[in-house]
Amino acid sequence: MIAKRNNPLLFAAILAVSIAAPLLFPDYRTQLALLWLMVIFAMTWDIMGGQMGYNSFGNILFFGIGMYACAVLQRDSGLSYFSALALGVVLAGALGIVTAIFFGAGILGLRGHYFAIGSLGLAIAAGEIAGGIDYIGAGSGMTTPLFPGRSEAGGLFFYFFFFVLATITFFTLRKLYEGRFGLAINAIRDDEDKAEAMGIRTTRFKTTAWAVSAFFLGMAGAGAGNLFKFIDPLDVAFAGSTYGVWMILMAILGGKGTLWGPVIGAVIFHITQELFWTYLLGWQRVALGLLIVIIVVFFPQGILGWMRERWPERFGQKIDEATRTSGGAA
Amino acid sequence: MLSNIQILFDAPLLFVDLMVNGLLIGAIFALVAFGMALVWGVMNIINIVQGEFVMLGGFITLVVMNKLGLHPLFGIPISAVVLYGVGWALYHTVIFRVVDKDMFISILATFGLSILIAQLSNQIFGADVRTADAGLPTLLFFNGMVSVSAIKLIAFILALVTGLGLWLFLKKSRLGQAIRATAQNPRAARILGIDTNRVYAATYGINAAICGAVGSLVVMAWAIQPYIGLPYTVRSFMVVIVAGLGNLPGVIVAGLGLGAVENLAGFVFGAEFQIAFVFSLMVVILVWRNFKLKRRREYLK
């Protein structure tokens, strides 16, 4: 498939552009860091939604948990900024795995739309509960420690934080999708009962998939808390109606169930969204709602899905009706 | 929290008050869930816009009261009619494209619509919490320990009447029969000459009209703001799941029960945790239901 055709040249070009971008456009560093955050969002959602067919509305849960975990550790540990941050990122990732396993035990047994709505409930409940706990600032939110040194250096630091995290996520997922794990979760997507009958331990794979996505999302949350400098329970940490939906949209827009789709979708979506923010101020959220409907109704296959249908031979697929109809794997 | 439970034991009349008011709001939930069950059963769509229809009904009632100068009770039929139009229009622009797709697509599409409508209302009506004063008295029982405002009682009665009317409509009327036929087997219905597209549009419109009427009751008895929608959607989803799809009397019982439980929980845990309670309860109900289904499947083996 497409992963096999990736030549080193493409990666070198992406690497060069990524390193040059924050130096060439110093004013947009936060935006560029956010772009990588969006890429992480889309990729981690796609493990569940695209590859495994478990359309989660609740992945934002791990993002928020990671964010709060890191911020609380930074506030209470008394360590210096960088050691607290490093420890916080590790803690956030670990906590993501733990919560994924804990909630996964109950909620991953649900199928189809019941899972979608159950996970939505989980994320919204988490946000509402976080808004009622005084220890983490309740509804008024909490601030994260300031970056020591000049703020431009901080912007650059967090740009590379998210760039490196996104790269690690990408290569980890590529490794996972190429192996037995990828085959197993694709089998779960196609027919869970049959996969189970074939001897695949579906529960174990489902939990692992959720834990992987939670691990990276938790670490992303830890960094994001420091990037935003302020954590609000409903609008930042457990922002179900913004980030929570965007990660789904980005994956669908690019083409869910593919490795590159979420990346492409995230880049396009983030740029569109920023344009809305700039030119439609006040109406940007209305425009986003409209965009959701348009993407979902008219492009459920995504960009890569559309390209695959158009030029199947370039994706290493034989052209016959059977693969053409199931090739999109929507 | 424990002290709140203690208060309940010390003042049983407070418990009665909470239960009565909970049952009254439960009738509202039951009615919204009625519409959701209808759309889910007939069109196989989980309609996330449900709560936004309620919210729109409330705002239309406010417009009727403030701009047209009518009594807010007139808002009930007016918002029902307007929302029927909105539902019909939404069906013909968006919903008909997702009606035969897989359910996740329809969930996401209606979720997008719900964000769109909530944000639009925020732009048009503003983000304030608003309420329409119907000028009706509050009835007091047991020396004022149990208070029920008349509008809540009217809302309760209207909810029951609407539920009954809808049930009769589905059983007796021509369109109701067509709706039931389509729900059972859309292909066969089409072969027998039922225009399923029109049936779907009517179903969706009727659902929106019910929600609109509920919205004007909500704005008179409680309050309304642009982002009130999703909790209503979730509540109706829960009610439909607990009742079981296709069990309309069950919807009423489950709706009333949810209202009572939620009101009680709001008092025990504190109002700031009420929404959290609703959403956690939904997750618990889903997992519990799944557990039950799994046991049944294992018996079959």
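Computed from a predicted model, the values in this text were never measured in an experiment.

On to the pattern of salt bridges. In this structure the tally under the stated criterion is seven salt bridges over all chains. Two residues, Glu192(A) and Lys206(A), come together in a salt bridge whose shortest N-O distance is 2.7 Å. Separated by 14 residues along the polypeptide, Glu192(A) in helix α9 (residues 192–197) and Lys206(A) in helix α10 (residues 202–228) bring together distant segments of the chain. Neither Glu192(A) nor Lys206(A) differs from the other in exposure class; each is buried. We note a salt bridge from Glu262(B) to Arg235(B), for which the minimum N-O separation is 2.7 Å. Here Glu262(B), found in helix α11 (residues 248–269), pairs with Arg235(B), found in helix α10 (residues 229–243); they are 27 residues apart in sequence, far enough to count as distant. One network of salt bridges, with partners in common, ties together Arg111(A), Glu192(A), Asp193(A) and Lys206(A).

A contiguous nonpolar surface patch, about 770 Å² in accessible area, is contributed by Val267(A), Ile271(A), Leu275(A), Tyr279(A), Leu280(A), Trp283(A), Leu120(B) and Ile124(B). Of all the secondary-structure elements, those providing two or more residues to the nonpolar patch are α13 (261–279) of chain A together with α5 (103–125) of chain B. Per-element accounting of the nonpolar patch gives the leading share, four residues, to α13(A). Along the chain, Leu275(A) turns up in helix α13. Leu275(A) gets classed as partly exposed once you look at its relative accessible area, which sits at 43%.

On to the side chain of Glu192(A). All names here are of chain A. What makes Glu192 buried here is its relative accessible area of 8%. A distance of 2.5 Å separates the side chain of Glu192 from the side chain of Tyr54, its partner in a polar contact. When neighbours within four sequence positions are excluded, Glu192 is seen to be in contact with Tyr54, Arg111, Ala187, Thr202 and Lys206.

Let us look at the UniProt feature "transmembrane region" (unreviewed entry) in chain B. Per the UniProt record, "transmembrane region" (unreviewed entry) is found at residues 12–39, 45–65, 72–91, 103–120, 140–170, 204–224, 236–258 and 264–288 of chain B. In residues 45–65 of chain B, the share of helix is 76% and the share of strand is 0%. The end C-alpha atoms are 34 Å apart.

At the interface, 37 residues of chain A touch 36 residues of chain B. Of all residues in chain A, Tyr114(A), Ile117(A) and Val297(A) give up the largest surface area on contact with chain B, accounting jointly for 18% of the area buried on that side. Applying the counting rule to chain A against chain B returns zero salt bridges. Where chain A touches chain B, the interface holds two residue pairs in polar contact (both at pLDDT 80 or more).

Residue and element names in this part refer to chain A. Residues of chain A with pLDDT of at least 70 account for 93%, and the chain-wide mean is 82. Model confidence for chain A, summarised as mean pLDDT per element, is weakest for helix α16 (residues 321–326) at 48 and strongest for α10 at 90. Of the regions scoring below 50 in pLDDT, residues 321–330 engages in eleven contacts with residues more than four places distant in sequence or in other chains.

So, on to the side chain of Asn290(B). You can see Asn290(B) is positioned in helix α12 (residues 274–300). Asn290(B) gets classed as buried once you look at its relative accessible area, which sits at 11%. Filtering out sequence-adjacent residues up to four positions away, Asn290(B) remains in contact with Gly109(A) and Leu110(A).

Residues and elements named next belong to chain A. Here the UniProt-annotated "transmembrane region" (unreviewed entry) positions come out as residues 30–49, 56–74, 80–103, 115–136, 156–173, 208–228 and 286–307. Between the C-alpha atoms that bound residues 156–173 there is a distance of 26 Å. The span itself is 100% helix and 0% strand. Between the C-alpha atoms that bound residues 286–307 the distance is 29 Å, and the span itself is 86% helix and 0% strand.

Attention now moves to the packing of aromatic side chains. Counted under the stated rule, the structure contains 37 aromatic pairs over all chains. Aromatic ring contacts, followed pair by pair, group Phe41(A), Phe63(A), Phe228(A), Tyr243(A), Trp246(A) and Phe269(A) into a single cluster. Note that Arg235(B) overlies the ring of Tyr232(B), its terminal NZ or CZ placed 5.4 Å from the centroid. Sitting over the face of the ring of Tyr114(A), Arg289(B) holds its NZ or CZ atom 4.0 Å from the ring centroid.

The next subject is helix α2 (residues 8–24) of chain A. All names here are of chain A. When the terminal C-alpha atoms of α2 are compared, their 24 Å separation across 17 residues agrees well with the 24 Å that a helix rising 1.5 Å per residue should span. Those residues of α2 that fall on the buried side of the exposure criterion are Ser18, Ala21 and Pro22. Projected down its long axis, α2 shows its buried positions confined to an angular sector of 75 degrees, all on one face. Residues of α2 that are exposed and point more than 90 degrees away from the buried face comprise Pro8, Leu9, Leu23 and Leu24. Those residues of α2 that are buried lie in contact with α3 (29–51) and α7 (151–178).

Basis of the calculations
- Residues numbered from 1 in each chain as written.
- Chains lettered and ligands numbered in written order.
- Predicted model: local features only at pLDDT ≥ 70, side-chain atom pairs only at ≥ 80, totals over all residues.
- Heavy atoms only, no water.
- Salt bridge = Lys/Arg side-chain N within 4 Å of Asp/Glu carboxyl O.
- Helix = DSSP H or I, 4+ residues; strand = E, 2+ residues; numbered from the N terminus.
- Buried < 20%, exposed > 50% of the residue type's maximum accessible area, 1.4 Å probe, protein only.
- Patch = residues over 30% accessible without salt bridge, like charges linked within 9 Å, V, L, I, M, F, W, Y side chains within 5 Å.
- Areas by Shrake-Rupley, 256 points an atom, 1.4 Å probe, with all protein chains shown as cover.
- Polar contact = N/O pair within 3.5 Å; in protein donor to acceptor, adjacent residues only side chain to side chain.
- Contact = heavy atoms within 4.5 Å.
- UniProt positions renumbered as here; feature names shortened; annotations may be inferred.
- Buried area = accessible area lost by both parts, 1.4 Å probe.
- pLDDT = per-residue confidence, 0-100.
- Phe/Tyr/Trp six-rings, centres within 6.5 Å; stacked < 30°, edge-to-face > 60°.
- Lys NZ or Arg CZ within 6 Å of the ring centre and 35° of its normal.
- Expected span 1.5 Å × (residues − 1).
- Arc of directions from axis to C-beta.

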